[in-house]
Amino acid sequence: MTAPAKASATHAEMASAIRFLAMDAIEQAKSGHPGMPMGMADVATVLFTRFLKFDAKAPKWVDRDRFILSAGHGSMLLYALGYLTGFDDLDIEQIKNFRQLGYRTAGHPEFGHVAIADTTTGPLGQGIANSVGFALGEGMLAARYGADVVNHYTYVVAGDGCLMEGISQEAITLAGHLKLNKLIVLWDDNHICIDGDTALSTSDDQKGRFIAAGWNTLACDGHDAESIAAAIEAARKADKPTLIACRTIIGKGAPNKSGTEKVHGAPLGGDEIKAARDAANWPYGPFEIPEHVLSAWRAAGSRGQTDRAAWEGRFGKLGEAAKAEFARTQDGTLPAGWQKTISAFKQKMSSEQPKLATRKSSQDVLEVITAAIPEMIGGSADLTHSNLTNTKACAPSITPGNYAGRYIHYGIREHGMAAAMNGLALHGGFIPYGGTFLIFANYLWPALRMSAMMEQRVLYVLTHDSIGLGEDGPTHQPIETLAALRATPNVLVFRPADGVETAEAYEAALLNTKGPSVFALSRQNLPTLRTTHTEENLTAKGGYVLAEAANVAQGGKRQVTLLATGSEVSMAMEARALLAERGVHAAVVSLPCWELFDRQSKEYRASVLGEGTVRVAVEALGTFGWERYVGLDGAVIGMNGFGASAPADKLYAHFGITARAVADAALERL
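Okay, so let's go over this structure. The structure displayed is predicted, hence computed values, not measured ones. As a convention, each chain's residues are numbered from 1 in the sequence order in which they are written. Predicted model: local features are reported for residues with pLDDT of at least 70 only, side-chain atom pairs are reported and counted for 80 or more only, and whole-chain, interface and lining totals are derived from all residues. Note that the side-chain values use all heavy atoms of the structure and ignore hydrogens as well as water.

Taken in spatial order, the 5 strands make up an open sheet running β14-β16-β15-β17-β18, and their pairing is mixed. The sheet terminates laterally at β14 (544-547) and β18 (635-639), the two strands that pair on one side only. Each strand of the sheet is rotated relative to its neighbour by a mean of 25 degrees, with strand direction disregarded. The contact definition used throughout considers only heavy atoms, calling two residues in contact when any of these lie within 4.5 Å. All axes here are fitted lines through C-alpha atoms, helices being fitted over the stretch that makes contact, and every angle between N-to-C directions spans 0 to 180 degrees. Here a strand is any run of E in DSSP of at least two residues, a helix any run of H or I of at least four, and the numbering for each starts at the N terminus. Lying on the sheet, helix α22 (residues 569-581) is in contact with β14, β15 (560-564), β16 (586-590) and β17 (614-622); it crosses β16 at an angle near 175 degrees. On the sheet, helix α27 (residues 659-668) packs against β15, β17 and β18 and is oriented at approximately 145 degrees with respect to β17. Pairing between strands requires that DSSP locate at least two bridges from one strand to the other.

Encoded structure:
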């Protein structure tokens, strides 16, 4: 006789499934953070079973709601939800091998590892800041294609740590200003941080803070399903972004450790887990989820299929051109013919040979490519007229509640800008670029690092790139910044010498779909050096011989190789002329992107660097890193300390960064 079928799962049972998967996985790994998944299990259960629009079997459905676990240390919450709702890439073996090499279930959620992770989180505050870009992306796509095609929410789970990080202030004030009413933050209000009670380090009125930033605020009992549901329902109807303070108990369900910092970042231990099982009347073994509970969760994971089918019907009613454009931009494919605009621009520069700052050349390039690539979205951290990031095609600007434009005024929020650009890129449909001074890369670095880790095509337009910015002085002169950017994995760093190289740099950056690019651009005017047009993108090689030694064409040999980037390439050309007066045969190598140059064949690199020649590099920045190109016997002309405040020409002379110094360094080594 078969046993009677188990009644449908209760909310408590479904939440317990999350809690015990988290406990068991962390215990097996002997590493992890059980407190947050256990404390937010009730909130997550309500969200995923009643509100979140998603289909576990179509995890990249464009009009799904986005879910961001900003408190990424609680990653087992996300992985448990992925397994329970039926995501194909999160089976029970992935849960059992949490934090193990070769498995997708990393210590913090990583975009591209598991489909349920809409972004990589872990560095606190990044997720909530990404959410601004996600929510803005939804509004911008809806403005273009209509609410029948684009109509979804962005939900964020954030903890006290996320709200303490400074980036959260940048994020919430920008979101409040823009009135991103489809952004809902579920705050895990448990009053605990690693050191103990949050009262040790903060007395902020978080609800008051969000209200001041233009948010709607609500509160709920984070362990009462109906209280949670009522708050989310109300948030979905708000005309501004909403914070829901979910009062929770960290480690809910652990009889002896819940409510304390002891449950935050360490396994509970076998005895505590057994006590938790007994207290919850959960008679199942490690990693065992009873069939009726798993079935209820799988039903939650598939309930979005109806919504998706309805959406596909609405999408099908779009005109053919609109459907094709929507699909193209979601795929990240660039429009046909865009590279012709780059070629035409290069021809114009080589023909007219203007003397322009590369920040101005950048604006001129952006004018033509933003007209050709409508998904490019510009912006600046309150430096539009210094960075020159605005273009006619990107007008009008995005304003509160009106998202039809293509230019974002981020305000003085460099870190928030970079994180929001990550969110825009991850949302899909857009290629963001944003500007600030190169020195302020130091402010946005953690988000740029995430761009690189997540392989997102985000463009950083960073101007005022050397001591050449002049009078603003050492606080603004980025002596060490470029070296640090070059040291960051998967970042293309371009420092172009003229308008032609600037155009080529943008072309290479746009073709690079697996990571961000940085443009280090001059404040001062520079001559056009590429006076003969070539269809080939020489900058895409990272480095090339701009001017070979004059005697090579007659069968002679190069004696000296002068290496430079950006504003110092023209200085190297002057040094070449000085050496020629002394009968020394020197070539000039422009090295606008070290990362791309290092990808070239050994033979190509050797031919450019000139094996057996004296090598001298010049860059009006710190010298770190040039050793790999000049060798032990070479020389680097650059900065060995901070700069000073003076006109640019006076600074170059004062610090000995001159064509004469370059030529003399070469002569000393012959």
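We are not done yet, so read on.
Two cysteine sulfur atoms make up a disulfide if the distance between them is within 2.5 Å. On inspection of all chains with the given rule, the structure shows 0 disulfides. Note on C193: no disulfide assigned, nearest cysteine sulfur contributed by C162 at a separation of 13 Å. A disulfide-free cysteine, C246 has its sulfur positioned 3.7 Å from the sulfur of C220, the nearest such atom.

As a further point, take the pattern of salt bridges. Counted as salt bridges are all cases of a side-chain nitrogen of Lys or Arg within 4 Å of a carboxyl oxygen of Asp or Glu. Within this structure, the stated rule accounts for 30 salt bridges. Connected through shared salt-bridge partners, D465, R486, R495, E568 and E619 make up one network.

Before going further, it helps to spend a moment on the packing of helix α6 (residues 126-145) against helix α18 (residues 414-427). Between α6 and α18, the least distance of the axes is 7 Å, while the angle of their chain directions is 55 degrees. Classified by the interaxial angle, the pair formed by α6 and α18 is oblique. Seen from above, α6 lies across α18 with right-handed handedness. On α18, the residues touching Q126, A129, N130, V132, G133, F134, L136, G137, E138, M140 and L141 of α6 are H415, A419, A420, N422, G423, L424, L426 and H427. Oblique is the label for any angle not under 35 degrees, not over 145, and not in the 65 to 115 range, which are roughly parallel, roughly antiparallel and roughly perpendicular in turn. Each crossing gets its hand from how the near helix is turned against the far one by less than a right angle, where anticlockwise is left-handed and clockwise is right-handed.

It is worth spelling out unusual backbone geometry at this point. Of note, the amide linkage connecting A395 to P396 takes the cis form, showing an omega dihedral of 0 degrees. As for its position among the elements, P396 is in the loop between α17 (384-387) and β9 (407-409). Phi at K179 is positive, roughly 60 degrees, even though this residue is not glycine. Of the residues examined, K179 reaches a relative accessible area of 44% and is grouped as partly exposed. Despite not being glycine, F287 has its phi angle at roughly 65 degrees, a positive value. Structurally, F287 can be placed in the loop between α11 (270-280) and α12 (291-302). Here the term buried applies to any residue with accessible area under 20% of the maximum for its type, exposed to any over 50%, and partly exposed to those in between, with areas from a 1.4 Å probe on protein chains only.

What follows is about the packing of helix α15 (residues 338-352) against helix α21 (residues 499-511). Relative to each other, α15 and α21 sit at 165 degrees, their axes nearing to 8 Å. It follows from the interaxial angle that α15 and α21 lie roughly antiparallel. Between α15 and α21 lies a crossing whose hand is left-handed. Together, W338, Q339, I342, F345, K346, M349 and S350 of α15 and G499, V500, A503, E504, E507, L510 and L511 of α21 make up the contact between the two elements. Among the residues making up the contact of α15 with α21, the classes are represented as 8 nonpolar, 3 polar and 3 charged. Under the scheme applied, nonpolar residues are Ala, Val, Leu, Ile, Met, Phe, Trp, Tyr, Cys and Pro; charged residues are Asp, Glu, Lys and Arg; polar residues are all the others, including Gly.

Right, let's talk about α11 for a bit. Within the sequence span of α11, burial applies to E272, I273, A276 and R277. The buried side chains of α11 occupy one side of the element, clustering within an arc of 140 degrees when seen end-on. The exposed residues of α11 that point more than 90 degrees off its buried face are D271, K274, D278 and A279. Of the surrounding elements, those touching the buried residues of α11 are α1 (11-29). Looking one or two residues past α11, N281 carries a phi angle of roughly 55 degrees, positive in sign. Directions pointing from the helix axis toward each C-beta atom define the arc.

This part takes up the side chain of T121. Looking at the element boundaries, T121 is found in the loop between α5 (92-96) and α6. From its side chain, T121 meets the backbone oxygen of L69 in a polar contact 2.7 Å long. Not counting chain neighbours up to four residues away, the residues in contact with T121 comprise I68, L69, S70, G72, H108, P109 and G127. Counting of polar contacts relies on pairs of N or O atoms within 3.5 Å, with two restrictions inside protein: one atom must be capable of donating a hydrogen and the other of accepting it, and residues adjacent in sequence are counted only when both atoms are side-chain atoms.

On to the packing of aromatic side chains, then. Pairing of aromatic rings covers Phe, Tyr and Trp, the last counted by its six-membered ring, and requires centre-to-centre distances within 6.5 Å; plane angles under 30 degrees mean stacked, over 60 mean edge-to-face, and any other angle means tilted. Taken as a whole, this structure holds 21 aromatic pairs when the rule is applied. Summarising the aromatic geometry, the rings of F437 and F440 are spaced 6.0 Å apart at their centres and angled 20 degrees between planes, so their arrangement reads as stacked. Through a chain of ring-to-ring contacts, the aromatic side chains of W61, Y145, W311, F315 and F326 assemble into a single cluster. Sitting over the ring of Y153, K182 keeps its end group 6.0 Å from the ring centre. The rule is short: NZ of Lys or CZ of Arg within 6 Å of the ring centre and within 35 degrees of the ring normal puts a charge over the ring. Across from the ring centre of W594, 3.8 Å away, lies the NZ or CZ of R486, which sits over that ring.

The next thing to look at is the side chain of T45. Mapped onto the secondary structure, T45 falls in helix α3 (residues 41-51). T45 has contacts with H11, M14, A15, I18 and W297, leaving out every residue within four places of it along the chain.

What follows covers the sheet that holds strand β1 (residues 66-69). The strand order β1-β2-β3-β7-β6 describes an open sheet built from 5 strands, whose pairing is parallel. The open sheet has two free edges, formed respectively by β1 and β6 (216-221), since each of these has just one partner strand. Neighbour to neighbour, the strand axes of the sheet diverge by 20 degrees on average, direction disregarded. Looking at chain direction, strand β2 (residues 154-159) and strand β3 (residues 183-189) are connected through 6 bridges and run parallel. Within the sheet, the bridge partner assigned to A158 lies in β3 and is W187. Where α6 meets the sheet, its contacts fall on β1, β2 and β3, and the angle it forms with β2 comes to roughly 170 degrees. Here helix α10 (residues 225-236) sits on the sheet and contacts β2, β3, β6 and β7 (242-247); the angle it forms with β6, its principal contact strand, is near 165 degrees.

We now examine the pairing of strand β8 (residues 376-380). In terms of residue burial, β8 counts as a mostly covered element, since 5 of its 5 residues are buried. Every second residue of β8 is oriented toward a common face, with M376, G378 and S380 on one face and I377 and G379 on the other, all of them buried. Note that β8 and strand β10 (residues 431-437) share 3 bridges and pair parallel. Looking at β10, one finds that M376 is bridged to I431. For β8 and β9, the ladder comprises 3 bridges, and the chain directions are parallel. Across the sheet, G378 pairs through a bridge with Y407, a residue of β9.

Purely geometric stuff here, so don't read any function into it on its own.
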